[in-house]
Amino acid sequence: MKPTNIKDPEYFHKVVDCQYACPAHTPVPEYIRLIAAGRYDDAYMINWESNVFPGILGRVCDRPCEPACRRGRVEEEPVAICRLKRVAADNKEDIKDRLPTIMPKNGKKIALVGAGPASLTVARDLAPLGYEVELFDEQDIGGGFMRNQIPSFRLPIEVLNEEVNYILDMGVAAHFKHYVDSLKSLVDKDYDAIFVGSGAPNGRDLTKLPGRQEGDDSIHVGINWLDSVAFEHTKSIGENVIVLGGGNTAMDCCRTALRLGGKNVKIVVRSPQADMKASPWEIEDAISEGVPIFENHTPKEFVVENGKLTGMKFEKVRAEYDENGKRSLVPTGEDLVFMEADQVLIAIGQDNAFPWIERDIGIEFGKWDMPVVDQVTFQSTNERVFFGGDAAFGPSNIITAVAHGHQAAISIHKFCQGESLTDRPAPQVNLLSQKMGFHEWTYDNEIDHDKRHLVPHVDKEIALNNLKVEVEKGYDQDLGYEEAMRCLNCDVQTVFTDNLCIECDACADVCPTNCINFTDNGEEEDLRTRLLEPANLTDQDLYVSGELKTSRVMVKDENVCLHCGLCAERCPTAAWDMQKFSYSVTKAGKECA
Amino acid sequence: MSYLKSRFRHPESAKNDLGYTKANYEGALSTLCAGCGHDSISNSIINACFELSLEPHKIAKMSGIGCSSKTPAYFLSNSHGFNSVHGRMPSVTTGANMANRDLVYVGISGDGDTASIGMGQFMHLVRRNINMVYIVMNNGVYGLTKGQDSATADVGSASKKGVPNMYEPMDLCELAISLGSGYVARSFSGDKDQLVPLIKGAIKHNGFALIDCISPCVTFNNNNGSTKSYEWVRDHKEATGTFDLVPHEQEIKVQDPEQLHESVKLHDGSVINLHRQPGSLDIKCRESVLSALEEAKQSGQVLTGLLHLNSDSQNTHEIINTSKRPLNTMDEADLCPGNDLLQAFNQSLR
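Residues numbered from 1 in each chain as written. Chains lettered and ligands numbered in written order. Predicted model: local features only at pLDDT ≥ 70, side-chain atom pairs only at ≥ 80, totals over all residues.

Residue and element names in this part refer to chain A. Domains assigned within chain A are domain 1 (15-97 + 451-459 + 470-484), domain 2 (100-201 + 352-416), domain 3 (203-350) and domain 4 (492-584). Placing the centre of domain 2 and that of domain 3 at their C-alpha centroids yields a distance of 32 Å. On the domain 3 side, the residues contacting the eight residues of domain 2 number 11 residues. Tallied by class, residues from the side of domain 2 that touches domain 3 come to five nonpolar, two polar and one charged. (Domains from an automatic or database assignment. Contact = placed C-beta atoms within 7 Å. Nonpolar A, V, L, I, M, F, W, Y, C, P; charged D, E, K, R; others polar.)

So this is what it looks like as structure tokens:
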């Protein structure tokens, strides 16, 4: 293999598994260290810069970082990154004086459709640069689906309001209760650019199932029902509730139903439980609140007697997978199963809907009737119109919407400055030695062996009787510290300088996980078979040095490196050094000249 | 400075026949200087014991005083250990071995502990052929007292202080061969491919086995002008050949028949396959090995590898015909057979 080019920022970026997996590339280990140091404001601001909604995401993020966390490969469970973010948000003091100063107006005006995370992120990035930002949303308050689809027992309204208002208070002109029913009307106005962050507002229904029409009064589409609960139009539900679907919305529906008076709430999914789309922790929470899950049941009929819904009939199926892993649900041939229900919530997915976008204003629509949007610039085929969040490529999650918002903001800024959109700003990176003295590091390199700490919950009796009581109490400062110490500091990189190495083997001998090897060079496939420990995880890179004096090379498998710094401590010539790698995605207007 | 090593290990670490991973053979985090050759030797011992699937509680680590003799703290923390007086590890080991012949004895010593203060004890240990592995971590300086030349420093070799050594060095391998040791090897801490099989062979050998292992002192003796630096040893070492050890339980497979020179069966049925060029040194012959060592020395080379092997050697227990059972398995009746037997025995001597 050729020597690894560590000057390419993407190499070390990939080693920081959590940050790499995060769509917004939030510098996770950096803020975790700040939490351990009790510097909650600093930790919060690092998050705020990167993901805009630390308090919100610290509760309801889909946390792609956690399955990626190296700790999960070293022991059983990853660091509770998401809940640590909440510790920063819960314990910070007033940070208003740290918010960006608003530059004088630059004469450019933009419109944002929808007040969800994508649009708010665009506003966050562009309002401080002097843009006149106009925001349109059909509700009377900002937040989008973070408000109307996420129940307040998971995300308290105060937290939501605080973080939404940081942005609205930047001088954003918000037109609430203003449903945009024509994009043309905006395009025809003098906006320099328009951003569509209107989400994926259409909940899927089972319109063709027998009994759907007759039972309509007792059958609701999940997201619409959650919406009406959030705005307090719906305050109760029957005792027997069936929730159809296996995603996070289904979990929210069943837990909300429990709090509105549902006694016998059950989830019924077509697929095996293991294939359910909901995050494992959401499923866990639903189960722990006493919601049973019936898997492999396909809905067949709504049973309506005398104009009243009495239940549903299901066909039992089993999942079969072909050689490509493609699943088909095959009926088992058993009798249909009847389940009693007063009300049914359908939470089987959601779709985009753009009836309000005229098809003659230069915006091309492609597959699935979705607008054609550039994956990098988020520009549509009408150069003034940009898309982001669920509106761009279909339903995803908040953190993805934030990432889209940042990139769209860069594009809009470049577009308004007459610059090329494809010329994207490079990330801001730095690599800094952590050596403080002889065998001393600026970071806490001792490895903590604690298992993941559980987040305390409020008493179930209390939680289930009040829709507004947040179920999770969050870590307190002490628990937050304990959990923060589990972080392996993967951003503190092991940097190897081959011409300093005397090949004494000290690093290879001391490495707890035997990552470091001195061996003859070869092709990657061959090298992976010759290392001290199996190197089967091919998406984890091998760090290969230049040729050493004995004509061997140093090969380090990044996979389960603990970043403990022992290699560097035991190195007599400082050929190994522990260097902190910072990587931040450049935001609109922050590009180095 | 870190004083603890994480307990986390690679999740896919290999297990040996006993179900142990290497972690079960490790010790505390080393407090020696960073880059010390001794740490590599410790690691090679860990590897050898792991690969041979030795039960850690059936190994005893014996040592004297010095940097080298500290190392038993850094490997095999589940084994027995005795850190004795300077240069007196041989007599303590002799006693231990006489009391319990069932343990594997790994003696760790340095060039000071062996070739200076312990020389008298060392010579008698070899002659008596105590069944043990004796590893000398040989760096040519007294590291613990800040780098004075030791008795194994070559003439003309200069440590960090810069003054060339004026006295003739002791060659521990030549001494051991001439005193009848049946397993004598020289190796280098920076060559685990060679060292690990040598340690495994030494453990399997019946009788005294010496490994004189050059182990650079990064702090006092890894400079230009030293003949015990990483660079000098790498540039000047020459191997007698390679070998692989096939433990008794395993099927004998020859890795490279072209290179196979000879197979030697050890007392427990294990086999050492020697690989080297035809016509090269016959390590079974003491005389030719001694002259080869001298020739290498003349030409400024360090001859490494297995230098001498005599698989017929008899250990002390066999020479003096002691009991086959360790003392700790004998009860009072065995140890004190009674007045009648004593009287009869005395009578037989009158």
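A separate point is the interface of chain B and chain A. With 23 residues of chain B in contact, the opposing surface of chain A contributes 28 residues. In terms of residue count, the dominant contributor to the side of chain B that touches chain A is helix α1 (residues 37-51) of chain B (four residues). Grouping the amino acids of the side of chain B that touches chain A by side-chain chemistry returns eight nonpolar, nine polar and six charged. (Helix = DSSP H or I, 4+ residues; strand = E, 2+ residues; numbered from the N terminus.)

Residue and element names in this part refer to chain A. Phi is positive for N296, which is not a glycine, with a value near 55°. Relative to the elements of secondary structure, N296 occurs in the loop between β9 (293-294) and β10 (297-305). In this structure N296 comes out as buried when scored by C-beta crowding, with 21 C-beta atoms within 10 Å. Despite not being glycine, E503 has its phi angle at roughly 55°, a positive value. With respect to the secondary-structure elements, E503 resides in the loop between β20 (492-496) and α20 (506-510). (Buried ≥ 20, exposed ≤ 12 C-beta atoms within 10 Å, placed from the backbone.)

All names here are of chain B. Spatial strand order, β2-β1-β3-β4-β8-β7-β13-β9: eight strands in an open sheet with mixed pairing. Looking at strand neighbours, the two that pair on one side only are β2 (80-83) and β9 (237-239), the edges of this open sheet. Sheet twist, expressed as the average angle between the axes of neighbouring strands with direction ignored, equals 20°. Relative to strand β13 (residues 302-309), strand β7 (residues 183-188) is paired through four bridges, and the arrangement is antiparallel. Pairing of Y183 across the sheet is with L309, part of β13. Where helix α9 (residues 286-298) meets the sheet, it contacts β9 and β13, and its direction lies at approximately 170° from that of β13. (Pairing = 2+ DSSP bridges. Axes fitted to C-alpha atoms, helices over the stretch in contact; angles between N-to-C directions.)

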